[in-house]
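This is what each chain is made of:
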Amino acid sequence: MSNVPADLRYAKSHEWLKPASDGTATVGITDYAQNSLGDITYVQLPKVGTVFAAGQVFGVVESVKAASDLYLPVAGEVIEVNTALDSAPETVNQDAYGAGWILKLKLTAPDSVNGLLDAAAYEKAIA
Amino acid sequence: MSELKRTPLRDFHAAHGARLVDFAGWEMPVQYRSILEEHKAVRRTAGLFDVSHMGEVDVKGPEALRFLNNLVTNDVAKLFPGRVLYSPMCYPNGGVVDDLLVYMRAPEDYFLCINAGNIDKDIAWILEQAKGFDVQITDRSDDYALLAVQGPTAVAIVQSLTGAKLDRIGYYHFAEGTVAGIQCLISRTGYTGEDGFELYHPAGDAVSLAEAIVKAGAAHGLELTGLGARDSLRLEAGYPLYGHEITADISPLTAGLGWTVKLAKEAGFIGRDALLAEKTNGAANKVVFFKTGDRRIVRADTPVLGVDGMVVGKVLSGTLSPVLNEAIGSALVTTAASAGPLSVDIRGTLINLQLVKPPFVELKKPSS
């Protein structure tokens with residue numbers, strides 16, 4: 001049974017997003033995604049300052065099995081990336097919603113978060 | 001989707017938390033908790049693999065030796081009771097039908113272990129080649145289950161379950177005996193590059209044997225290990241896998257398995273003329289092994305680039321070496337380009353392939 005925290009928003013492509021009150025958000029991949037991928041061996045991070053549209057590929061997560069594109073759930077500018085994943089990508093397996101976060105974003109339109117799935121809808125999507 | 005075949009241990013795997021996948025038509029455990037951790041456990045202590053999907057074939061009769069020596073490229077005449085031989089089995093054009101193990105139980109009594117995905121093809125091929133020879137070929141694949149205990153503590157684990165004197169069984173030798181009270185062919189072989197045993201036993205006894213090994217192995221750090229770790233272990237050891245480093249299009253000589261091709265065998269063998277020509281004229285392509293110094297896995301079929309950026313081949317196998325913590329792999333490249341430099345393009349990043357003579361890590365196999 002996958003862990004789906006109630007306070008996060010989700011994309012169907014298995015990224016999670018945690019909005020903050022200052023118009024920024026933290027993004028990672030879900031517990032379901034890390035479990036499906038298996039041992040994560042590499043995370044390709046975007047450059048800070050890059051502006052992405054909603055649904056755009058912002059990076060790649062590789063496991064022993066496969067390489068999978070990462071899609072940004074909403075539009076925004078990358079303000080920070082988790083460089084600790086360069087040397088310890090397995091952190092995504094170990095703590096997908098905590099130390100395994102991937103990037104922080106300045107949202108282009110903070111309201112766009114409302115268009116994402118809530119925990120109940122995401123649980124249904126992966127059931 | 002056709003129904004997947006199951007080994008007698010399918011429910012045992014599920015009960016132990018395995019992730020089961022379709023492997024060559026078989027529902028097999030790819031991993032239990034982590035491929036990387038299972039891999040390291042085999043190098044550090046021991047792992048238990050279910051390889052019951054492999055095929056087994058009895059070859060018996062007055063002309064068994066003559067038939068087998070015509071069938072495979074290595075020299076079966078070197079065998080004696082209790083000795084095992086690794087050999088490719090080739091088509092007339094030198095391509096590989098399969099690679100297999102030949103066990104000699106007694107004069108006129110041999111036993112083959114063949115790859116799971118090739119069982120039907122191999123049996124048909126072997127029966128076709130047997131015409132005119134006084135031999136009986138019997139597919140025993142459904143009768144046997146096969147468990148592999150591999151790693152530095154494998155001997156201690158298996159020894160705790162058997163009265164057979166394991167220290168007298170050399171590498172690529174075998175004995176018949178009981179393990180945990182179950183009749184086994186105890187073979188000091190494996191495909192991980194570690195010391196260990198492969199235990200052929202009646203399919204109906206597989207769960208009992210697996211449970212006994214897990215129990216005995218607990219004190220020796222044994223872990224259940226899946227096919228994911230088996231693949232990274234064999235690649236780290238530099239062993240070929242059928243369908244990757246050897247195929248119907250990649251001969252044993254191209255694959256660097258010249259030591260298994262006995263061109264001087266008196267009576268010849270299937271594929272000899274083609275392999276002799278390849279040896280004489282030089283092969284067009286060569287299988288090379290590489291590491292990258294980078295964690296990005298270079299996956300099978302990735303084009304390999306030569307000195308001028310032209311495509312000179314393709315990747316055959318690629319994984320992350322959990323021991324080296326970098327990507328390793330094999331590639332088929334033109335002989336002219338095989339000395340390098342070689343590179344691959346991974347999503348816009350050019351990564352240099354550092355050519356390596358395998359094994360990638362120091363192996364601790366016993367002497368034969």
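In the annotation of an unreviewed UniProt entry, the entry for chain B reads Aminomethyltransferase, and the organism field reads Rariglobus hedericola. Quoted straight from UniProt, the Sequence similarities (unreviewed entry) entry for chain B says "Belongs to the GcvT family."

Under an unreviewed UniProt entry, the name given to chain A is Glycine cleavage system H protein, and the source organism is Rariglobus hedericola. The record held by UniProt for chain A lists under Subunit (unreviewed entry) the comment "The glycine cleavage system is composed of four proteins: P, T, L and H." Annotation of chain A in UniProt includes, under Sequence similarities (unreviewed entry), the sentence "Belongs to the GcvH family."

Visitor: What is the right way to look at the overall build of chain A in this model?
Guide: A tally of regular secondary structure across chain A gives four helices and nine strands. Helices and strands appear in chain A in the N-to-C order β-β-β-α-β-β-β-β-β-α-α-β-α. Its C-alpha radius of gyration of 13 Å places chain A within 12% of the 14 Å reference for a compact globule of 127 residues. Among the 127 residues that make up chain A, the fraction classed as buried is 49%. Long-range contacts, defined as pairs at least 24 residues apart, comprise 60% of the intrachain contacts of chain A with a sequence gap of at least 6. Within the structure as shown, chain A displays about 5,800 Å² of accessible surface, and the carbon and sulfur contribution to it stands at 50%.

Visitor: Any chance you could explain the overall build of chain B here in plain terms?
Guide: Broken down by element type, chain B carries eight helices and 19 strands. Across its three principal directions, the C-alpha atoms of chain B cover 60 × 50 × 45 Å. Counting across all 368 residues of chain B, residues that qualify as buried make up 60%. Residue pairs in contact within chain B that sit at least 24 positions apart in sequence constitute 66% of those at least 6 positions apart.

Visitor: Would you mind showing me how to read helix 4 (residues 119-129) of chain B here?
Guide: Each full turn of the α-helix corresponds to 3.6 residues, which orients residues three or four apart in the same direction. Residue and element names in this part refer to chain B. If you check which residues of helix 4 are buried, you get I119, D122, I123, W125, I126 and Q129. Along the long axis of helix 4, the arc covered by the buried residues comes to 165°, so they all point the same way. Buried-residue contacts for helix 4 involve strand 4 (55-60), helix 3 (64-71), strand 5 (84-90), strand 6 (96-106), strand 7 (109-114) and strand 8 (136-139).

Visitor: Could you clarify how one ought to interpret the UniProt feature "modified residue: N6-lipoyllysine" (unreviewed entry) in chain A in this entry?
Guide: Here the UniProt feature "modified residue: N6-lipoyllysine" (unreviewed entry) sits at K65(A). By secondary structure assignment, the location of K65(A) is in the loop between strand 6 (57-63) and strand 7 (67-71). The exposure class assigned to K65(A) is partly exposed, which follows from its relative accessible area of 41%. Not counting residues within four places of it along the chain, the set of residues in contact with K65(A) comprises S36(A), L37(A), R19(B) and R299(B).

Visitor: I tried to follow the pairing of strand 14 (residues 285-291) of chain B on my own but got confused; where do I start?
Guide: In summary, the side chains of a regular strand alternate between the two faces of the sheet. Residue and element names in this part refer to chain B. Looking at chain direction, strand 14 and strand 17 (residues 326-334) are connected through seven bridges and run antiparallel. Looking at the pairing, K286 lines up with V333 of strand 17. The sheet contact formed by strand 14 and strand 19 (residues 349-356) spans three bridges and is antiparallel. Residue pairing for strand 19: F290 is matched across the bridge by L355.

Visitor: Would you explain the UniProt feature "binding site: substrate" (unreviewed entry) in chain B in this entry?
Guide: All names here are of chain B. Here the UniProt-annotated "binding site: substrate" (unreviewed entry) positions come out as E198. Along the polypeptide, E198 turns up in strand 12 (residues 196-202). Apart from the residues lying within four places of it in its own chain, the contact partners of E198 are L101, Y103, L146, L147, A148, Q150, L185, I186, S187, T189, G190 and R230.

Visitor: Please clarify how helix 3 of chain B should be interpreted in this entry.
Guide: Listed in full, the buried residues belonging to helix 3 of chain B are A64(B), F67(B), L68(B), N69(B) and L71(B). Buried-residue contacts for helix 3 of chain B involve strand 4, strand 5, strand 6, strand 7, helix 4 and strand 8 of chain B.

Visitor: Just to check I follow, could you spell out the sheet that holds strand 8 of chain B for this structure?
Guide: Within a sheet, adjacent strands bond to each other through the backbone by hydrogen bonds, running parallel or antiparallel. Residues and elements named next belong to chain B. Ordered in space as 5-6-7-4-8, the five strands form an open sheet in which the pairing is antiparallel. The open sheet has two free edges, formed respectively by strand 5 and strand 8, since each of these has just one partner strand. The average angle at which neighbouring strand axes cross in this sheet is 25°, direction not considered. Both strand 4 and strand 7 contribute to a ladder of six bridges, which runs antiparallel. If you follow D58 over to strand 7, its bridge partner there is F111.

Visitor: Help me understand the packing of aromatic side chains in this model?
Guide: Two aromatic rings, taken as a pair, are described by how far apart their centres are and by the angle between their planes. Residue and element names in this part refer to chain A. Under the criterion given, the structure shown has 14 aromatic pairs over all chains. Centre to centre, the rings of Y10 and Y122 are 4.7 Å apart; their planes meet at 5°, and the pair counts as stacked. Of this pair, Y10 sits in strand 1 (residues 9-10) while Y122 sits in helix 4 (residues 119-125), and the two are 112 residues apart along the sequence. For the pair formed by Y10 and Y122, the shared burial category is buried.

Visitor: Which parts of the structure should I look at to understand the interface of chain A and chain B?
Guide: Accessible area lost upon the coming together of the parts is a frequently used measure of interface size. Contacts between the two partners involve 18 residues from chain A and, on the opposite side, eleven residues from chain B. The junction of chain A with chain B conceals about 1,300 Å² of combined surface from both sides, 42% of it contributed by carbon and sulfur atoms. Our enumeration of links across chain A and chain B arrives at two salt bridges. The residue R347(B) makes a salt bridge to E62(A) at a minimum N-O spacing of 2.8 Å. Breaking the side of chain A that touches chain B down by element, the ones donating at least two residues are helix 1 (31-37), strand 4 (40-44) and strand 6 of chain A. Among the elements that line the side of chain A that touches chain B, the one with the most residues is strand 4 of chain A, at four residues. Counted by class, the side of chain A that touches chain B contains seven nonpolar, six polar and five charged residues.

Quick notes on the rules
Residues numbered from 1 in each chain as written. Chains lettered and ligands numbered in written order. Predicted model: local features only at pLDDT ≥ 70, side-chain atom pairs only at ≥ 80, totals over all residues. Heavy atoms only, no water. UniProt positions renumbered as here; feature names shortened; annotations may be inferred. Helix = DSSP H or I, 4+ residues; strand = E, 2+ residues; numbered from the N terminus. Rg over C-alpha atoms; globule rule 2.2 N^0.38 Å. Buried < 20%, exposed > 50% of the residue type's maximum accessible area, 1.4 Å probe, protein only. Contact = heavy atoms within 4.5 Å. Areas by Shrake-Rupley, 256 points an atom, 1.4 Å probe, with all protein chains shown as cover. Arc of directions from axis to C-beta. Pairing = 2+ DSSP bridges. Axes fitted to C-alpha atoms, helices over the stretch in contact; angles between N-to-C directions. Phe/Tyr/Trp six-rings, centres within 6.5 Å; stacked < 30°, edge-to-face > 60°. Buried area = accessible area lost by both parts, 1.4 Å probe. Salt bridge = Lys/Arg side-chain N within 4 Å of Asp/Glu carboxyl O. Nonpolar A, V, L, I, M, F, W, Y, C, P; charged D, E, K, R; others polar.

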